[in-house]
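# Architecture at a glance
Take a look at the letters that make up each chain.
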Amino acid sequence: MDVTSTPEGMNLAFADEFARIRRTFVQGLAKREAEIEQAPDRAALHAALHRLAGVAGAYGFEELGQLARSAMEATDGDGEADLPLALARLKRALQCTGDAG
Amino acid sequence: MDELQRVMCVEDDPDIRMILEFSLGRLGGYTLSLCASGQEALDQAARFAPQLVLLDVMMPKMSGPETLQHLRSVDCMRGVPIVFLTAKALQDDVEALLEQGATGIIVKPFDPVTLPKDIRIYWKHGRDIHP
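## Digging into the overall build of chain A
- When its secondary structure is counted, chain A shows 5 helices and 0 strands.
- Listing the helices and strands of chain A from first to last along the sequence gives α-α-α-α-α.
- When its C-alpha atoms are laid out on the principal axes, chain A stretches across 45 × 25 × 20 Å.
- A buried classification covers 46% of the 101 residues belonging to chain A.
- The contacts of chain A with a sequence gap of at least 6 include a subset with a gap of at least 24, amounting to 55%.
- Summed over all atoms, the accessible surface of chain A reaches about 5,300 Å², with 49% contributed by carbon and sulfur.
- Across chain A, the mean location of the 11 positive side-chain charges is 4 Å away from that of the 16 negative side-chain charges.

## What to know about the interface of chain A and chain B
- Each partner contributes residues to the interface: chain A has 21 residues there, and chain B has 17 residues.
- With both sides pooled, the region where chain A packs onto chain B buries about 1,800 Å², and carbon together with sulfur makes up 67% of that total.
- In terms of surface lost to chain B, no three residues of chain A exceed A:F14, A:H50 and A:A58, which account for 27% of the buried area on that side.
- For the pair chain A and chain B, the number of links is 3 salt bridges.
- A salt bridge links B:D13 to A:R32, with the shortest nitrogen-to-oxygen separation between them at 2.8 Å.

## Points about the nonpolar core
- Residues A:L52, A:L90, B:L54 and B:I119 are the most contacted members of the largest nonpolar core, which totals 48 residues.
- Beyond its immediate stretch of four places on either side in the chain, A:L90 contacts A:I36, A:L49, A:L52, A:L64, A:L67, A:A68 and A:A71.

## Thoughts on the environment of B:V94
- Structurally, B:V94 is set in helix α4 (residues 91–99).
- Linking B:V94 and B:F48, residues 46 residues apart in sequence, is a C-alpha distance of 28 Å.

## A short note on the packing of helix α1 (residues 15–27) of chain A against helix α1 (residues 14–27) of chain B
- Where α1(A) meets α1(B), the closest approach of the two axes is 10 Å, and the angle between their N-to-C directions is 170°. Overall, the two elements α1(A) and α1(B) adopt an arrangement that is roughly antiparallel. Between α1(A) and α1(B), the contacting residues are A:E17, A:F18, A:I21, A:T24 and A:F25 on the first element and B:D15, B:M18, B:I19, B:F22 and B:R26 on the second.
- Looking at the contact of α1(A) with α1(B) residue by residue, the classes come out as 6 nonpolar, 1 polar and 3 charged.

## What about the pairing of strand β1 (residues 6–10) of chain B?
Residues and elements named next belong to chain B.
- Of all 5 residues making up β1, 4 are buried, and the element is well covered by its neighbours.
- The sheet contact formed by β1 and strand β2 (residues 31–35) spans 5 bridges and is parallel. Bridged to V7 within β2 is L32.
- Taken together, β1, α1 and β2 form a β-α-β motif whose crossover is right-handed.
- Examined bridge by bridge, β1 and strand β3 (residues 52–56) share 4 bridges and lie parallel to one another. Along β3, the bridge assignment pairs M8 with V53.

## Things to note about the confidence of the model for chain A
- Averaged over all residues, the pLDDT of chain A equals 87, while 92% of them reach at least 70.
- Between the elements of chain A, mean pLDDT differs from a low of 89, seen in helix α5 (residues 83–100) of chain A, to a high of 95, seen in helix α2 (residues 29–37) of chain A.

## Regarding the pattern of salt bridges
- Enumeration over the complete set of coordinates arrives at 8 salt bridges over all chains.
- We note a salt bridge from B:D15 to A:R32, for which the minimum N-O separation is 2.8 Å. Separated into two different chains, B:D15 in helix α1 and A:R32 in helix α2 make up a pair that spans both. With respect to burial, B:D15 and A:R32 carry one shared label: buried.
- A single salt-bridge network, built from bridges that share partners, covers A:R32, B:D13 and B:D15.

## Looking at the packing of aromatic side chains
- Summed over all chains, the structure comprises 4 aromatic pairs over all chains.
- Their ring planes at 85° and their centres at 6.3 Å tell us that A:F14 and B:F22 sit as a pair that is edge-to-face. With A:F14 in the segment before α1 and B:F22 in helix α1, this pair bridges two chains.
- Of the residues examined, B:F22 reaches a relative accessible area of 2% and is grouped as buried.
- Aromatic pair A:F25 and A:Y59: ring centres 4.5 Å apart, planes at 5°, arrangement stacked. Here the residue A:F25 occupies a position in helix α1, and A:Y59 occupies one in the loop between α3 (42–55) and α4 (62–74), the gap between them amounting to 34 residues.
- By relative accessible area, A:F25 is classed as buried at 0%.
- An aromatic cluster of three or more residues is present, and its members are A:F14, A:F18 and B:F22.
- Geometry around A:F61 places A:R22 over its ring, the cationic atom sitting 4.3 Å from the centre.

About the criteria used
Residues numbered from 1 in each chain as written. Chains lettered and ligands numbered in written order. Predicted model: local features only at pLDDT ≥ 70, side-chain atom pairs only at ≥ 80, totals over all residues. Heavy atoms only, no water. Helix = DSSP H or I, 4+ residues; strand = E, 2+ residues; numbered from the N terminus. Buried < 20%, exposed > 50% of the residue type's maximum accessible area, 1.4 Å probe, protein only. Contact = heavy atoms within 4.5 Å. Areas by Shrake-Rupley, 256 points an atom, 1.4 Å probe, with all protein chains shown as cover. Lys, Arg positive; Asp, Glu negative; His and termini not counted. Charge placed at Lys NZ, Arg CZ, Asp CG, Glu CD. Buried area = accessible area lost by both parts, 1.4 Å probe. Salt bridge = Lys/Arg side-chain N within 4 Å of Asp/Glu carboxyl O. Core = buried A, V, L, I, M, F, W, Y, C linked by side-chain atoms within 4.5 Å. Axes fitted to C-alpha atoms, helices over the stretch in contact; angles between N-to-C directions. Parallel < 35°, antiparallel > 145°, perpendicular 65-115°, else oblique. Nonpolar A, V, L, I, M, F, W, Y, C, P; charged D, E, K, R; others polar. Pairing = 2+ DSSP bridges. Right-handed = clockwise from strand over helix to strand, strands pointing away. pLDDT = per-residue confidence, 0-100. Phe/Tyr/Trp six-rings, centres within 6.5 Å; stacked < 30°, edge-to-face > 60°. Lys NZ or Arg CZ within 6 Å of the ring centre and 35° of its normal.

Structure, rendered in structure tokens:
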């Protein structure tokens with residue numbers, strides 16, 4: 001994933017500033033990964049996934065957000081069997097994005 | 001006042017507050033009050049007198065809907081459009097949130113480039129339904 005891209009339609013005068021806050025977001029992904037891995041219960045896991053699903057796309061990481069959403073949905077009832085794979089995919093995406101930052 | 005200037009954002013996630021500050025403050029030019037909790041919003045509402053509030057739904061301690069109910073009891077907040085920010089977009093959720101008095105719903109993730117215009121639409125719409 002490209003951590004330097006600028007959203008479509010954004011005035012280039014703001015590109016540097018956006019890149020700076022985007023880096024800050026990427027630097028915080030390790031903490032989010034730890035929150036997900038160490039969630040003490042299903043509610044805490046759901047909440048951590050919910051937060052990541054809500055924020056990643058705003059910084060341009062749509063795929064990461066989608067993976068978080070899929071994992072979040074897998075925490076709800078019927079999707080239980082899909083949860084380990086969904087979390088593994090999310091973890092890989094988190095690490096790739098963090099490494100790129 | 002005919003222009004939207006003061007916007008209060010209530011959001012517990014610091015990364016979302018950061019992109020809201022960039023989107024609405026830097027790109028949109030609004031004056032912001034960034035609050036990390038419902039209680040902080042209640043503490044600041046009378047002094048800041050927001051013209052519109054963006055309110056996260058899922059927050060610890062005081063949820064978005066609970067915060068909305070408390071904000072509505074503050075004198076200067078009567079008639080102020082309150083728009084929920086939520087990562088959930090299920091139709092049942094949307095209807096329930098609107099029934100609780102929200103002017104509208106913005107689904108996360110939002111586009112930081114278009115958000116400043118989107119909230120202006122909600123502000124104009126909210127003034128029509130809460131004159």
